[in-house]
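The residues making up each chain are set out below.
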Amino acid sequence: MYDLLIRDGLVIDGTGASRRRADVGIVDGRIAEIGRLDGASAQRTIDAEGHVVAPGFIDPHTHYDPQITLDPFASSSCFHGVTSVIGGNCGFALAPTRPEARDGVKSIFSRVEEIDLAILDRIPWDFETFPEYLAARAGRLGVNAGFYLGHCNVRLFAMGTDAYEREATASELEAMRGIVREAMDAGAMGLASSHSPTDLDLEDRPVPSRRSALSELRTLCEEVGQAHRGSIAYLPFSAVGGLQPDDGELLIELALASRLPVIIQGLGARSKTDAPTATWPKSKAYLEHARSLGAAVYSLLISRPFQRPFSLAAGTTLFEGALAFARLFREASTVAERRAMLEDPAYRDTIRRSVEHPNTDPDAGSTTPPPRWDQIRVHRVRGAEHEPLVGRALPEIAEERGVAPMDVLVELSLAEDLETEFLWDTDSPEWRDGTELASRHPQMLIGTSDAGAHLGRDDGAEFSSYFLRYWVREWERWTLEEAVRALSAIPASVLGLQNRGLLLPDYAADLVVFDPQTVGPDHKEIREDRIPGQRRWTSRPKGIAATIVNGVPIVEGGEITDAERLPGQVLRPGRALAARP
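Residues numbered from 1 in each chain as written. Predicted model: local features only at pLDDT ≥ 70, side-chain atom pairs only at ≥ 80, totals over all residues. Heavy atoms only, no water.

## Considerations on the overall build of the protein
Piece 1. Scanning the protein for helices and strands turns up 17 helices and 23 strands.
Piece 2. Taking 25 Å as the expected radius of gyration for a compact globule of 581 residues, we find that the protein reaches 24 Å, a close match to that expectation.
Piece 3. A buried classification covers 61% of the 581 residues belonging to the protein.
Piece 4. A separation threshold of at least 6 residues defines the contact pool for the protein, and within that pool the share at least 24 residues apart is 74%.
Piece 5. Here the protein contributes 63 positive and 86 negative side-chain charges, whose respective centroids are spaced 3 Å apart. (Helix = DSSP H or I, 4+ residues; strand = E, 2+ residues; numbered from the N terminus. Rg over C-alpha atoms; globule rule 2.2 N^0.38 Å. Buried < 20%, exposed > 50% of the residue type's maximum accessible area, 1.4 Å probe, protein only. Contact = heavy atoms within 4.5 Å. Lys, Arg positive; Asp, Glu negative; His and termini not counted. Charge placed at Lys NZ, Arg CZ, Asp CG, Glu CD.)

## Let's talk about the packing of helix α7 (residues 245–258) against helix α8 (residues 280–292)
Piece 1. The geometry of α7 relative to α8 is characterised by a closest axis approach of 10 Å and an angle of 30° between their N-to-C directions. For the element pair α7 / α8, the angle class is roughly parallel. α7 and α8 meet at a crossing whose hand is right-handed. For the pair formed by α7 and α8, the contact residues are G248, E249, L251 and I252 on the first element and Y286, H289 and A290 on the second.
Piece 2. Here the residues of the contact of α7 with α8 are counted per class, giving four nonpolar, two polar and one charged. (Axes fitted to C-alpha atoms, helices over the stretch in contact; angles between N-to-C directions. Parallel < 35°, antiparallel > 145°, perpendicular 65-115°, else oblique. Left-handed = near helix turned anticlockwise from the far one by under 90°. Nonpolar A, V, L, I, M, F, W, Y, C, P; charged D, E, K, R; others polar.)

## A word on the pairing of strand β16 (residues 421–425)
Piece 1. Burial within β16 is extensive, with four of its five residues counted as buried.
Piece 2. Looking at chain direction, strand β14 (residues 307–310) and β16 are connected through four bridges and run antiparallel. The partner of R308 across the bridge, within β16, is W424.
Piece 3. Where strand β15 (residues 376–380) lies against β16, four bridges are found, and the strand directions are antiparallel. Among the inter-strand pairings, R377 is bridged to a residue of β16, identified as L423. (Pairing = 2+ DSSP bridges.)

## Some thoughts on unusual backbone geometry
Piece 1. The omega torsion across S75 and S76 is 20°, close enough to zero to call that bond cis.
Piece 2. With respect to the helices and strands, S76 occurs in the loop between β6 (57–59) and β7 (82–87).
Piece 3. Backbone torsion omega between A95 and P96 reads 0°, so that peptide bond is classified as cis.
Piece 4. With phi around 55°, E476 is a residue other than glycine that occupies positive phi space.
Piece 5. Here E476 shows up in the loop between α15 (463–474) and α16 (480–487).

## So, the packing of aromatic side chains
Piece 1. Tallying each qualifying case throughout the model produces 18 aromatic pairs.
Piece 2. Aromatic pair W125 and F127: ring centres 5.4 Å apart, planes at 40°, arrangement tilted.
Piece 3. Where F127 meets Y133, the ring centres are 4.8 Å apart and the plane angle is 65°; that geometry is what we call edge-to-face.
Piece 4. Site record: aromatic cluster; members linked through ring pairs are W431, Y466, F467, Y470, W471, W475 and W478.
Piece 5. Here R98 stacks its cationic end above the ring of F157, 3.8 Å away from the centre of that ring. (Phe/Tyr/Trp six-rings, centres within 6.5 Å; stacked < 30°, edge-to-face > 60°. Lys NZ or Arg CZ within 6 Å of the ring centre and 35° of its normal.)

## Remarks on the packing of helix α9 (residues 323–331) against helix α10 (residues 335–342)
Piece 1. Relative orientation of the contacting elements α9 and α10 amounts to 155°, with a least axis distance of 9 Å. By the angle class used here, α9 and α10 are roughly antiparallel. Here the hand of the crossing between α9 and α10 comes out right-handed. Side by side, α9 and α10 meet where R327, L328, F329 and E331 of the first sit next to R338, M341 and L342 of the second.
Piece 2. For the contact of α9 with α10, the class distribution of residues is four nonpolar, no polar and three charged.

## Observations concerning the sheet that holds strand β13 (residues 297–301)
Piece 1. On the basis of which strands lie adjacent, the open sheet formed by six strands has the order β9-β10-β11-β12-β13-β17 and parallel pairing. The open sheet has two free edges, formed respectively by β9 (149–150) and β17 (444–446), since each of these has just one partner strand.

## Some points on the pattern of salt bridges
Piece 1. Tallying each qualifying case throughout the model produces 48 salt bridges.
Piece 2. E419 is the salt-bridge partner of R382, the closest N and O atoms lying 3.4 Å from each other. Residue R382 is located in the loop between β15 and α12 (394–401), and its partner E419 is located in the loop between α13 (405–415) and β16; the two are separated by 37 residues in the primary sequence.
Piece 3. With its nearest N and O atoms 2.8 Å apart, the salt bridge here joins D529 to R540. You can see D529 sitting in the loop between β19 (520–528) and β20 (535–542) and its partner R540 sitting in strand β20, a full eleven residues away along the chain.
Piece 4. For R540, a relative accessible area of 10% puts it in the buried group. (Salt bridge = Lys/Arg side-chain N within 4 Å of Asp/Glu carboxyl O.)

## Observations regarding the sheet that holds β14
Consider a sheet: its strands pair through backbone hydrogen bonds, and that pairing is either parallel or antiparallel.
Piece 1. Read from one edge to the other, the open sheet built from three strands follows the order β14-β16-β15, with strand pairing classed as antiparallel. Strand pairing shows two members of the sheet lacking a second neighbour, β14 and β15, which therefore form its edges. Neighbouring strand axes in the sheet, compared pairwise and without regard to direction, differ in orientation by 30° on average.
Piece 2. Across the sheet, α12 lies against β15 and β16, angled at about 95° from β15, the strand it touches most.

## As for empty space enclosed by the protein
Piece 1. Summed over all chains, the structure comprises four cavities of 30 Å³ or more.
Piece 2. One number sums up the size of the largest cavity: a volume of about 80 Å³.
Piece 3. Around the largest cavity, the lining is made up of 13 residues, and of these H61, N89, A233, Y234 and I263 lie nearest the centre.
Piece 4. Going through the elements one at a time, β11 (231–235) and β12 (262–265) are the ones with two or more residues in the lining of the largest cavity.
Piece 5. Counted by class, the lining of the largest cavity contains nine nonpolar, four polar and no charged residues. (1 Å grid on protein atoms, 1.4 Å probe; cavity = no way out; pocket = protein on both sides within 12 Å on 5 of 7 lines; lining within 4 Å. Points joined across faces, edges and corners; volume = space filled by probe spheres on them.)

Just distances and angles here, no functional claims.
Shown next as structure tokens:
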């Protein structure tokens, strides 16, 4: 008698081996048998004929930390076949946090990850330390979730508000080492940190990890290494603008000192920026150098283009690095106020070329690169007279009119009370070719969804279904077996998750059942989803028949099956499931 029997599917086990038609029997949340299970009985049966049965997808870079305390299913990711998510990335986490530091933590999540403060105010703070946080998640998860220890939280816990201002003293650093030891003993995924100049809080303060000395980072990473499990997730100073040699050597040093994988972002063709130093040939040479030394340096690769709509009425954070233009959204909250600024000739002069010349000084503000003008086109208009402009890139229109692209964006918006919708779209043949080259390297990880963050625009929660539709089925750049392995077994191995990521006997029964002929993103919209009162972008796929967590179907037919049953587990690296009797 099986708890769950999945019949007649095409099993792709995540090892890279070819698919085979088989039944899958599940008992006590584990895969019991794979084969021809004719005559077997089960409490529940799923007919998977014509569908792939694969290990559930693992998302190594999310910011679900706040959301998962209110929505245990990690929507939208669960709908796209994701069974395990990792939070605490970039050094921002919920624990450890003393009561007096909660507002500061919420400020970081609100500014960097664009999460509504009204939602952050609803976090149930029934914990302070990291072990207490993990204990509070037990029995309250719909998906599996692991959590990095956030460097910002460690500093705030040990230093108070001084964490925003200065480096740590010797005694404070020793206290931090104790916090790291305690967290790793409890099951932290490792340490996450950031020195990226793009990371500020609502008060324009650099997040606490940015104030740390590199010697502090080295010490804490070595402490993580003493646990003999986990990984280091880190954004070095030059990660966004293109990895510089000194930061590259630092990553190698951290990997060798900790003897753990170090996971960054930003390498690869057009993954985060079009800076010349971020091009693939230079990145590949660096990764090969690290590999020759035995330094396990990995980079997450954004394998889905940015396709983000925005309007001046709704506001956007895409232009934070264009400081003068970003003032429009920071200083004016209503359409009337924004119109007044845009109709001021002096302000128009200050913003006209701000996108072409973004900020590069961390002391002046965010250094996040704004979208390139040639990647922005008119998406939706209100007036019929503007319909001929839909689908056209702003530089093309600007050239016809003899003005700057900014003038086109502003004048068209003013003519429609700022409701004109524009689309930032990075998809191009060059992007596809470059991203494919990068994705093939063994030190590149498919991911960086940022799911759970950036709720005012679509995040990358659909990265898995997107990969299966475009990279596998439509573009035929990857085989289905390769793609499943990249979305399951590889991240499980790098993160140190034992007994997960493969569809084999005695492994956790985290599975996804999907139709390879139709799988892919379907529709996305702004609406209230799993958290009452929160309107945000949500994404739904097509072709995903079921998402199964520890043997329990949590999503079937595009809907969560039973909001009361929570089969998710807290993930702890390097710890296998207990052997069955």
